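Structural characterization, general
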Amino acid sequence: MIIGVAKEIKNNENRVGLTPAGTETLKKAGHTVLVEQGAGVGSGFSDESFITAGAQILADKKALFDQAEMIIKVKEPLPPEYELFHEGQILFTYLHLAPEPELTRALLEKRVTGIAYETIERNHTLPLLSPMSEVAGRMAVQVGAHCLEKPFGGKGILLGGVPGVDSAQVVIVGGGIVGTNAAKMAVGMGARVTIIDRSTDRLVYLDDIFGGRVTTVMSNSYNIASWVKRADLLIGAVLLPGEKAPKLVSEEMVTSMEPGSVIVDVAIDQGGSVETIDRVTTHSNPTYVKHGVVHYSVANMPGAVARTSTFALTNATMDYALQIANKGWKNALKADPGLAKGLNTYAGKITFKGVAEAHKLAFTPVEEVLA
Ligand SMILES: NC(=O)C1=CN([C@@H]2O[C@H](COP(=O)(O)OP(=O)(O)OC[C@H]3O[C@@H](n4cnc5c(N)ncnc54)[C@H](O)[C@@H]3O)[C@@H](O)[C@H]2O)C=CC1
Ligand SMILES: CC(=O)C(=O)O
C-alpha cells in the first residue's frame, strides 16, 4: 500500500502521524511510505531520519495526497485539506466529526474512508484516544496552574498553597483517562481535588487508587453546581465516545465561580462540556475571559508537547496502521470488531451512529458496509 504522512497545519500542531521507526516497520512489510517535507520536524524527526528509515520525502502536499492510498495524520483535516482527498482514500487520524458539520460533509462528498482514532475500541477502552488523554489530563493541571497566576488573568493562587495558606480546589468533571491523569497531577501538586463522574464503578475505582486523597462525587446537576461554585480550577473531562460532549456546566454555574477562577475544558475536541466555552482556542492565544473566569479551550493540547505525544500516539496507532496496510482496510476491520468501530465515513455514508445523530443524517451500520 502507498501510505502518505501529511504535515499537520493546525495552530502549533507539532505532532506527526508516523515516526522513522514506524516507517521502517511499514517498509519491511513491503509498503511505500511518502512523508511530506518537514512533517516530523516539530517532533524532532528530520527528513533525513525518515529517508534513512526508507521513506520518500515529497515537498508537494497535493502530490502526496494524490498518490497515497492511505493518509496517516494526527488531527482532523482543516478546510485547506478538504480538496486534497480523493474517492476511496483511507484517512487514519483523529476526526471528532460530531461537532464538525463542514468536515463531515467534506468527507462524505469526497467519499473518503474515514477511520477515526478516537472511536476505535479494545476491551471496552479507547486505545488510540487514551495516550493523548493521558497527556492532556496531565497538561490540564499544568496550564490551569499557570492560568491561576495573576499575570495570566487568574486570581493569584498557588495550586498547592504553602504551610498556613489554603491550597486550591480543583474540580474535575469526568473521571476517565483525562480526569484520572489530571487528578494525579493535582494531588501531586498539593491541591484539594474533587472528581465528579456518573459511573459508580468509576468512583469506587478512583477512591481506591487515590486512597482517600480525592473526593468522589456522583454526577448530577445539583452536585455539579455545588462543586463548580467552589472550584478555583475546573477541568472538563467527560466523554460519550464519538458523540457531542454533554454541556454539564451551565452558564449560570460559571457565573457562580469567583472572578479569576479558571476553566480548562479538555472535552472541547468533542464540542466542549461547559456552556460558556463558545470557541475553540489555540496554543498561540489559548484563553479568554467570560464572567470574570479564565477559559482555556485548546483542542490539540498534546501538540504542544509533541515529542512526548508523537511517541505515545504512534506506540498505539502503529499496529493498527500495519494491519490496515497489510490486509486492506475491509479485511482488517472484519478481523477486528474494535477497529471496525473506528469507521466513521465510507463511500458517502456515515457509519458511526453518534456522528449521524449529531448531524441528523442517515446512519449506515459498519456491518452493512463490511458484508
Ligand atoms: N483537548 C485536547 O487536546 C484533548 C481532548 N481529549 C478529550 O478529552 C475528553 C475525555 O477523554 P477521556 O478521558 O479519554 O474519556 P474517558 O472515556 O476515559 O472518560 C470520560 C469519562 O466521562 C464520564 N462521563 C460521561 N458522562 C458523564 C456525565 N454526565 N457526568 C460525569 N461524568 C460523565 C464517563 O463515565 C468517563 O469516566 C474527550 O472528549 C477526549 O477526546 C483528549 C485528549 C486531548
Ligand atoms: C485527542 C485529540 O484530539 C488530540 O490529541 O489532539
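Refer to the structure presented above.
So, here's what we can say about the structure. Note that the structure is a prediction, hence the values are computed from the model and not measured.

In this section: the site of ligand 1. Around ligand 1, the surrounding shell holds 28 residues, and the nearest of these are Ser133, Asp197, Ser219, Asp269 and Met301. Contact between ligand 1 and Met301: an oxygen atom at 2.8 Å from a main-chain N or O atom of the residue. Within the complex, the protein chains bury 90% of what would otherwise be the 870 Å² of accessible surface of ligand 1. Of all the secondary-structure elements, those providing two or more residues to the shell around ligand 1 are α6 (130-147) and α7 (177-188). The biggest single contributor to the shell around ligand 1 is α6, with 3 residues. Per-class residue counts for the shell around ligand 1 are 17 nonpolar, 8 polar and 3 charged.

Quick look at helix α11 (residues 306-327) now. Between the first and last C-alpha of α11 there are 30 Å, a value that for 22 residues agrees with the 32 Å anticipated at 1.5 Å per step. Considering bend angle alone, the principal kink of α11 is centred on Thr317 and spans about 40°. Of the residues flanking the end of α11, it is Gly328, one or two places downstream, whose phi is positive at about 85°.

Okay, the packing of α6 against α11 next. Packing of α6 against α11 brings their axes to within 8 Å, and their N-to-C directions diverge by 155°. The orientation of α6 relative to α11 falls into the category roughly antiparallel. Contacts between α6 and α11 involve Pro131, Met132 and Val135 from the first element and Ser309, Ala312, Leu313 and Ala316 from the second. When grouped by side-chain class, the residues that make up the contact of α6 with α11 number 6 nonpolar, 1 polar and no charged.

Taken together, Arg15, Lys75, Tyr94, His96, Leu129, Met132, Asp269, Ala299, Asn300 and Pro302 are the residues near ligand 2. Contacts to ligand 2 include Lys75, whose side-chain N or O atom sits 2.7 Å from an oxygen atom. Asp269 is positioned such that a nitrogen or oxygen atom in its side chain is 3.3 Å from an oxygen atom of ligand 2. In isolation ligand 2 exposes 220 Å². Once the protein is present, 95% of that is buried. Here the residues of the shell around ligand 2 are counted per class, giving 5 nonpolar, 2 polar and 3 charged.

Further remarks concern the sheet that holds strand β13 (residues 293-296). Taken in spatial order, the 7 strands of this open sheet run β9-β8-β7-β10-β11-β13-β12, and their pairing is mixed. Looking along the sheet, the strands with just one partner apiece sit at the ends: β9 (215-218) and β12 (287-290). Adjacent strand axes in the sheet meet at a mean angle of 20° when their direction is disregarded. The pairing of strand β7 (residues 169-173) with strand β10 (residues 233-236) spans 4 bridges and is parallel. For Val170, the partnering residue across the bridge sits in β10 and is Leu233. Where α6 meets the sheet, its contacts fall on β10, β11 (262-265), β12 and β13, and the angle it forms with β10 comes to roughly 145°.

The subject of this paragraph is the sheet that holds strand β2 (residues 32-36). What the 8 strands build is an open sheet, ordered β3-β2-β1-β4-β5-β6-β14-β15; its pairing is mixed. In the strand order of this sheet, the two ends are held by β3 (56-58) and β15 (349-350), each with one partner. As paired strands, strand β6 (residues 113-116) and strand β14 (residues 343-346) are joined by 2 bridges and run antiparallel to one another. Paired with Gly114 across the two strands is Thr345, which belongs to β14.

By secondary structure assignment, the location of Asn344 is in strand β14. At a separation of 3.1 Å, a polar atom in the side chain of Asn344 contacts the side chain of Thr119. Dropping the residues within four chain positions of it, Asn344 is found in contact with Leu95, Leu97, Gly114, Ala116, Thr119, Lys349, Ile350, Thr351, Phe352 and Val355.

Attention now moves to a nonpolar patch on the surface. Taken together, the side chains of Leu158, Val162 and Val165 present a nonpolar region at the surface, about 280 Å² in accessible area. Tracing the backbone through its elements, the reader meets Val162 in the loop between α6 and β7.

It is worth spelling out unusual backbone geometry at this point. Residues other than glycine seldom take positive phi values, yet His96 does so here, at roughly 45°. Secondary-structure assignment places His96 in the loop between β5 (90-93) and α5 (101-109). Here the phi dihedral of His124 falls at roughly 65°; this positive angle occurs in a residue that is not glycine. Position of His124 relative to the elements: it lies in the loop between β6 and α6. Taking the relative accessible area as the measure of exposure, His124 reaches 81% and is therefore exposed.

Scoring rules and cut-offs
- Residues numbered from 1 in each chain as written.
- Chains lettered and ligands numbered in written order.
- Predicted model: local features only at pLDDT ≥ 70, side-chain atom pairs only at ≥ 80, totals over all residues.
- Heavy atoms only, no water.
- Near = heavy atom within 4 Å.
- Polar contact = N/O pair within 3.5 Å; in protein donor to acceptor, adjacent residues only side chain to side chain.
- Areas by Shrake-Rupley, 256 points an atom, 1.4 Å probe, with all protein chains shown as cover.
- Helix = DSSP H or I, 4+ residues; strand = E, 2+ residues; numbered from the N terminus.
- Nonpolar A, V, L, I, M, F, W, Y, C, P; charged D, E, K, R; others polar.
- Expected span 1.5 Å × (residues − 1).
- Bend = angle between axes of the 7 residues up to and from the residue.
- Axes fitted to C-alpha atoms, helices over the stretch in contact; angles between N-to-C directions.
- Parallel < 35°, antiparallel > 145°, perpendicular 65-115°, else oblique.
- Contact = heavy atoms within 4.5 Å.
- Pairing = 2+ DSSP bridges.
- Patch = residues over 30% accessible without salt bridge, like charges linked within 9 Å, V, L, I, M, F, W, Y side chains within 5 Å.
- Salt bridge = Lys/Arg side-chain N within 4 Å of Asp/Glu carboxyl O.
- Buried < 20%, exposed > 50% of the residue type's maximum accessible area, 1.4 Å probe, protein only.

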